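Each chain, letter by letter, is given below.
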Amino acid sequence: MQHSSIHWFRKGLRLHDNPALLAAATDCCCLHPLFILNPSSSQAGTNAQRFLLDALRDLDGSLQKIGSRLFVVRGCPEEVFPSLFHAWGTTRLTFEVDTEPSARQRDATVAKLAAQHGVEVIQEVSHTLYDTERVLALNEGKAPLTYKRLQSLLATLGPPEKPAPALTQEHLQGCHTPCQASHDTDYGVPNLEELGQDPTNVGPHLYPGGETAALTRLDALMERTAWVCSFQKPRTAPTSLSPSTTVLSPYLKFGCLSVRTFWWRLDQVYQGQEHSQPPTSLHGQLLWREFFYTAGASIPNFDRMVGNPVCLQVDWDNNPQHLHAWREGQTGYPFIDAIMTQLRTEGWIHHLARHAVACFLTRGDLWVSWEEGLKVFEELLLDADWSLNAGNWLWLSGSAFFHQYFRVYSPVAFGKKTDRDGAYIRKYVPILKDFPAEYIYEPWKAPRAVQERAGCLVGTHYPQPIVEHGVASKRNLGRMKVAHARKGNKSPMRHQAHFTSSCHPSCLSLPQAPSESHWLVPQWPNHKGKSPRPRGSEPHKDIQAVVSYGSCTTCPVLTHFAQPPCINPFPSPSLRLATWLLPPPQKSTPTPSTCPKKVCHPSI
DNA sequence: CGCTTTGTTGGCTAT
DNA sequence: CATAGCCAACAAAGC
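Cut-offs and rules
- Residues numbered from 1 in each chain as written.
- Chains lettered and ligands numbered in written order.
- Predicted model: local features only at pLDDT ≥ 70, side-chain atom pairs only at ≥ 80, totals over all residues.
- Heavy atoms only, no water.
- UniProt positions renumbered as here; feature names shortened; annotations may be inferred.
- Pairing = 2+ DSSP bridges.
- Helix = DSSP H or I, 4+ residues; strand = E, 2+ residues; numbered from the N terminus.
- Axes fitted to C-alpha atoms, helices over the stretch in contact; angles between N-to-C directions.
- Contact = heavy atoms within 4.5 Å.
- pLDDT = per-residue confidence, 0-100.
- Left-handed = near helix turned anticlockwise from the far one by under 90°.

As recorded by an unreviewed UniProt entry, chain A carries the name Photolyase/cryptochrome alpha/beta domain-containing protein and is attributed to Falco tinnunculus. A UniProt comment under Sequence similarities (unreviewed entry) is attached to chain A, and it reads "Belongs to the DNA photolyase class-1 family."

Structure follows, in structure tokens:
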């Protein structure tokens, strides 16, 4: 039987490893490669749309080389297909399985329409390493919620399938694509203006879209055997001026590159070599992708908080000003602002840079819902991938998968680890480029003269920090604690929790409050050992200080030293021990509000 | 793939 | 030479 096939491209914008496309070409006399452009359904920004158009042009070019063409049709699939089936005399429709809930709904509708028109439907899995349905079935229909769990499930399935051969001219022997002279005007790939995008709005064309670019990039990376084998994601730098990771993610998102092709190419490079392992290796990265795809395919309302069974319910603030400042790179934290600028202009940022800004927006500093961040990433990232985007926002906001919410990224310290001089900031926030390294991460701390010399006054040319990280992150830690406490059927928060966010731990060991003021006598262990010098004995032996109790009845306030302090007058071990000497404080219950940091922490 | 504070260790210098 | 003090580097704890 000779079919008239439509292969419907959505993701999977490639000829290699495209089993559904091969199925379309089998026993086929007439092939229509189709892409349906539905601009109203896309949240993608200008850079991402350019990437898509690149990919479509590349695909059309590749199809032309083997004697076919791409048909780009505007509209929504549910409305477009009936007329296409009719006009093209279609008997078979093929497409790649898309696991996203909205896509599945769309595809179910289209499959129904096809059945009504007597059109056979063939769907093939090739966007993920494994058939997510199979993985879910292995796990009693539920998404594995840890990476380890996924790994053990996949271990029973064995390695992923090998990629299917690329479509070639030979596959299309006797198969014809009917093309009019008016093809370009009727079905051509549009440009940005036609999509309602301002073409002057695009950034540098660093990552051109398409299968050809994807395979070229893959080839170049696979040349670097040592780099591939030693790859460990946490050791790559978010501040690198040229990407320290593969930047294959945009190509994987659109399916310009097959994940199975990538997997097996890595496997080839690994052969006979010592190499890193999941989760940090490059194979490990592809498994993370699989992890979130599996989660996104089965967890209801995966991209929302409400109605999402794995998501911590948090009382995020509605704060459009903060959200806007974050999006536009105007937070006053240079590292955050640099990352957001790179995102807006180039459409790709390093994974750890995403960590830093996602944490900052949500649980770290601004306490804005991760759903808002997700929408911004959806628009600005070339690789915005529904499952990965939602999954990682859940992760970074501490809403699911990741529960150690007290691990907060510092907008100041994190970037310094890999970029002490702030070259990354200087590149993306050039107004700060002349600040000395000492102040580049915290320009507001620079003395006026330094700011003047740098040609940038904080508060005038560059914003003051919109929040004080130290204060905001501590407050948010408390709010996360509340969210977690509400979640479980655990007992109500212990009294201690009130202290710990704002008071020195040593406060807690004071049984009762004293009536007046008291001598604080540092103590230290006796050193009778044989070591020539007792380690840890540096604290001065005879320092005494006066403490009193202010408005906070449990936190001692260091009033003054009884003797002029030496250089290191009051090291903490002494203080800890000294607190034991204090008379017990009252039993009244202080709240954080009556116990501000300043009262509890004199300049000790 | 967290940060900060606190604690330990060994090297070094001045006395 | 023994000792006190300082420092950097690292480890551990606690949030």
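Visitor: Mind showing me how you'd approach the sheet that holds strand β1 (residues 3-9) here?
Guide: Strand-to-strand pairing in sheets goes through backbone hydrogen bonds, with the strands running parallel or antiparallel. What the five strands build is an open sheet, ordered β3-β2-β1-β4-β5; its pairing is parallel. Lying at the two open borders of the sheet, with one neighbouring strand each, are β3 (71-74) and β5 (120-124). Here the average twist between neighbouring strands, direction ignored, is 30°. Contacts from helix α4 (residues 101-116) reach β1, β4 (92-96) and β5 within the one sheet, and its direction differs from that of β1 by about 165°.

Visitor: Mind showing me how you'd approach the confidence of the model for chain A here?
Guide: Mean pLDDT over chain A works out to 85, with 80% of the residues at or above the 70 mark. Low pLDDT, under 50, characterises residues 489-604; the stretch is placed with 154 contacts to residues that sit more than four places away or in other chains.

Visitor: Would you take a moment to explain unusual backbone geometry for this structure?
Guide: Leave glycine aside and you will find that most residues have negative phi; peptide bonds, for their part, are mostly trans. A cis amide bond, omega 10°, links Pro278 with the succeeding residue Pro279. As for its position among the elements, Pro279 is in the loop between α11 (259-270) and α12 (282-298). You will see that Asp27, though not glycine, has its phi angle at about 45°, which is positive. Inspection of the secondary structure assignment puts Asp27 in the loop between α1 (19-25) and β2 (28-37).

Visitor: Explanation requested: the packing of helix α16 (residues 370-380) against helix α17 (residues 386-396) in the structure shown.
Guide: Relative orientation and spacing of two packed helices are given, respectively, by the angle between their axes and the distance between those axes. Here α16 crosses α17 at 145°, and the two axes come no closer than 10 Å. Seen from above, α16 lies across α17 with right-handed handedness. Contacts from Trp370, Gly373, Leu374, Phe377 and Glu378 in α16 reach Asn389, Ala390, Trp393 and Leu394 in α17.

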